[in-house]
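Chain by chain, the residues:
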Amino acid sequence: MIDTNLQIDTRQAKDYKSDQYVRWCPGCGDHALLNCLYKAMAELKLEPHMTAVVSGIGCSSRLPYYMNTYGFHTIHGRGAAVATGVKTAKPELSVWLATGDGDCLAIGGNHFIHAVRRNIDLNILLLNNKIYGLTKGQYSPTSDRGFVSKSSPYGTIEDPFHPVELCLGARGTFFARAIDVDLANTTDTLVKAANHKGTSVVEILQNCVIFNDDIHSNIVNKAWRDERTILLKHGEKMLFGTNKDKGLVVDGWKLKAVTIGQEGYTMDDVLVHDAKEIDNTLHQKLGMMSLEQGLPIALGVVRDVDSPVYDQGVEQQIKDVQEKDTTRTLRDYLMTKDTWEVK
């Protein structure tokens, strides 16, 4: 039996591990995310009995089984809806949603955008390997145009969703991106997401070794990672490159990658990242950067702004109503409406 009154000053990653065998393929990026989540929870000093991990259906949705916390393995695409209910009913819990690009953005797309719009205090971990892995290799909502798979043998003729666009389009207050092979920065990003009040969306670019191996190798490979990605940090210059000699500047209405000291560009021209800016215009430009544009892929926290939180609002509304009339019962309320008796 868990002693719910027990408070521990320090936590270790092992405190959040369940006794279940981890049933992911060797080399799957989900392993890395799971270990980062253990470390992040330890750093946050979360109490396992005050933590709930929810999931839908898919490879990543096995995650609750591997957590020594409360867990809820729900149905396909409905993880965000269930997590919303958990957080609204028990706002004191730290609630995490583990979901994949198929589970979250296909059948679960409606629940995802409305969880973001409401700004419920959830931590959404969106593992994106651009494929349906559990159902054996069909293209997903994030698969690139022309992608060849079992369900698109001649290549897809669709453009993909970009999670950052959906998040910001739904008035999202927190968006971040991480890669499965960079455990230190992924852990740090998860901590920042948990400290955000409201819906945090963390897209994890993750590898599926069986059905979509090396899908993110053009950016995650150590040989060129520093040249093709930029780790955004609030209040710091947007610099990247092996020698941190490249930066992002504004060129008209667009972002441009430049080399410091070339073409007349100096350090003063390089943008400073402001994750707290209410206007999300620049955040979307940063989140949508691509190698095809000659720009690095943005990692770290892209957006982190304050806004009213749904579950806190519901809790306060209930208190306000109760304080106005402390004797009113549910039956009293129901009898103020049109009623009828069925015989």
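Refer to the structure above for everything that follows.
Parameters and conventions
Residues numbered from 1 in each chain as written. Predicted model: local features only at pLDDT ≥ 70, side-chain atom pairs only at ≥ 80, totals over all residues. Heavy atoms only, no water. Axes fitted to C-alpha atoms, helices over the stretch in contact; angles between N-to-C directions. Helix = DSSP H or I, 4+ residues; strand = E, 2+ residues; numbered from the N terminus. Parallel < 35°, antiparallel > 145°, perpendicular 65-115°, else oblique. Left-handed = near helix turned anticlockwise from the far one by under 90°. Contact = heavy atoms within 4.5 Å. Nonpolar A, V, L, I, M, F, W, Y, C, P; charged D, E, K, R; others polar. Core = buried A, V, L, I, M, F, W, Y, C linked by side-chain atoms within 4.5 Å. Buried < 20%, exposed > 50% of the residue type's maximum accessible area, 1.4 Å probe, protein only. Salt bridge = Lys/Arg side-chain N within 4 Å of Asp/Glu carboxyl O. Phe/Tyr/Trp six-rings, centres within 6.5 Å; stacked < 30°, edge-to-face > 60°. Expected span 1.5 Å × (residues − 1). Pairing = 2+ DSSP bridges.

1. What to know about the packing of helix α1 (residues 29-44) against helix α6 (residues 183-195)
Argument step 1. α6 packs onto α1 with a crossing angle of 50° between their chain directions and a minimal axis gap of 8 Å. Viewed along their axes, α1 and α6 adopt a mutual orientation that is oblique. Note that α1 runs across α6; the crossing there is right-handed. Note on element contacts: α6 touches α1 through Leu-183, Thr-186, Thr-187, Leu-190, Val-191, Ala-194 and Asn-195, opposite Ala-32, Leu-33, Cys-36, Leu-37, Lys-39, Ala-40, Glu-43 and Leu-44.
Argument step 2. Here the residues of the contact of α1 with α6 are counted per class, giving ten nonpolar, three polar and two charged.

2. Brief notes about the nonpolar core
Argument step 1. Counting residues in each nonpolar core, the largest one holds 36 residues, and the members touching the most others are Phe-112, Ile-230, Leu-248, Leu-286 and Met-289.
Argument step 2. If one sorts the elements of this core by residue count, helix α5 (residues 163-169) sits on top with four residues.
Argument step 3. Contacts of Leu-248, omitting those with residues within four sequence positions, involve Ile-230, Met-238, Phe-240, Lys-256, Ala-257, Asp-269, Val-270, Leu-271, Leu-286, Met-289, Leu-295 and Pro-296.
Argument step 4. With 31 residues, the next largest nonpolar core counts Met-41, Met-67, Val-191 and Val-301 among its residues.

3. Quick notes on the pattern of salt bridges
Argument step 1. Counted under the stated rule, the structure contains twelve salt bridges.
Argument step 2. Where Asp-188 meets Lys-192, a salt bridge forms, and the shortest distance between an N and an O atom there is 2.4 Å. Here Lys-192 and Asp-188 lie together in helix α6, a separation of four residues that amounts to about one turn.
Argument step 3. A residue is classified by how much of its surface remains accessible, and Lys-192, at 36% relative accessible area, is partly exposed.
Argument step 4. The network of salt bridges with common partners includes Arg-11, Asp-15 and Glu-47.

4. Some words on the packing of aromatic side chains
Argument step 1. Inspection of the entire model under this criterion finds one aromatic pair.
Argument step 2. Geometrically, the ring pair formed by Trp-24 and Tyr-66 is edge-to-face, given 5.1 Å between the ring centres and 80° between the ring planes. Placement of the pair is Trp-24 in the segment before α1 and Tyr-66 in the loop between β1 (51-55) and β2 (70-73), with a sequence separation of 42 residues.
Argument step 3. Overall, the relative accessible area of 3% leaves Tyr-66 in the buried class.

5. Some remarks on unusual backbone geometry
Argument step 1. With phi around 80°, Lys-136 is a residue other than glycine that occupies positive phi space.
Argument step 2. With respect to the helices, strands and loops of the structure, Lys-136 is situated in the loop between β4 (122-128) and α5.
Argument step 3. With phi around 70°, Arg-171 is a residue other than glycine that occupies positive phi space.
Argument step 4. Mapped onto the elements of the fold, Arg-171 is located in the loop between α5 and β5 (174-179).

6. Section: the side chain of Asn-129
Argument step 1. With respect to the helices and strands, the residue Asn-129 is situated in the loop between β4 and α5.
Argument step 2. Asn-129 gets classed as buried once you look at its relative accessible area, which sits at 8%.
Argument step 3. Residues in contact with Asn-129, not counting those within four places in the same chain, are Asp-101, Gln-206, Asn-207, Cys-208, Asn-212, Ile-215 and His-216.

7. Thoughts on α6
Argument step 1. The end-to-end C-alpha separation of α6 is 18 Å, in line with the 18 Å expected for 13 residues at 1.5 Å each.
Argument step 2. Within α6, the full set of buried residues consists of Thr-186, Thr-187, Thr-189, Leu-190, Val-191, Ala-193 and Ala-194.

8. Let's talk about the sheet that holds strand β9 (residues 246-251)
Argument step 1. Read from one edge of the open sheet, three strands run β8-β9-β10, paired in antiparallel fashion. A single partner strand is all that each edge strand has here, and the edge strands are β8 (239-240) and β10 (254-259).

9. Description of the packing of helix α2 (residues 79-89) against helix α4 (residues 109-118)
Argument step 1. Two elements in contact, α2 and α4, have axes whose closest approach is 7 Å; the angle formed by their N-to-C orientations is 35°. For the pair formed by α2 and α4, the contact residues are Ala-80, Ala-81 and Thr-84 on the first element and His-111, Phe-112 and Ala-115 on the second.

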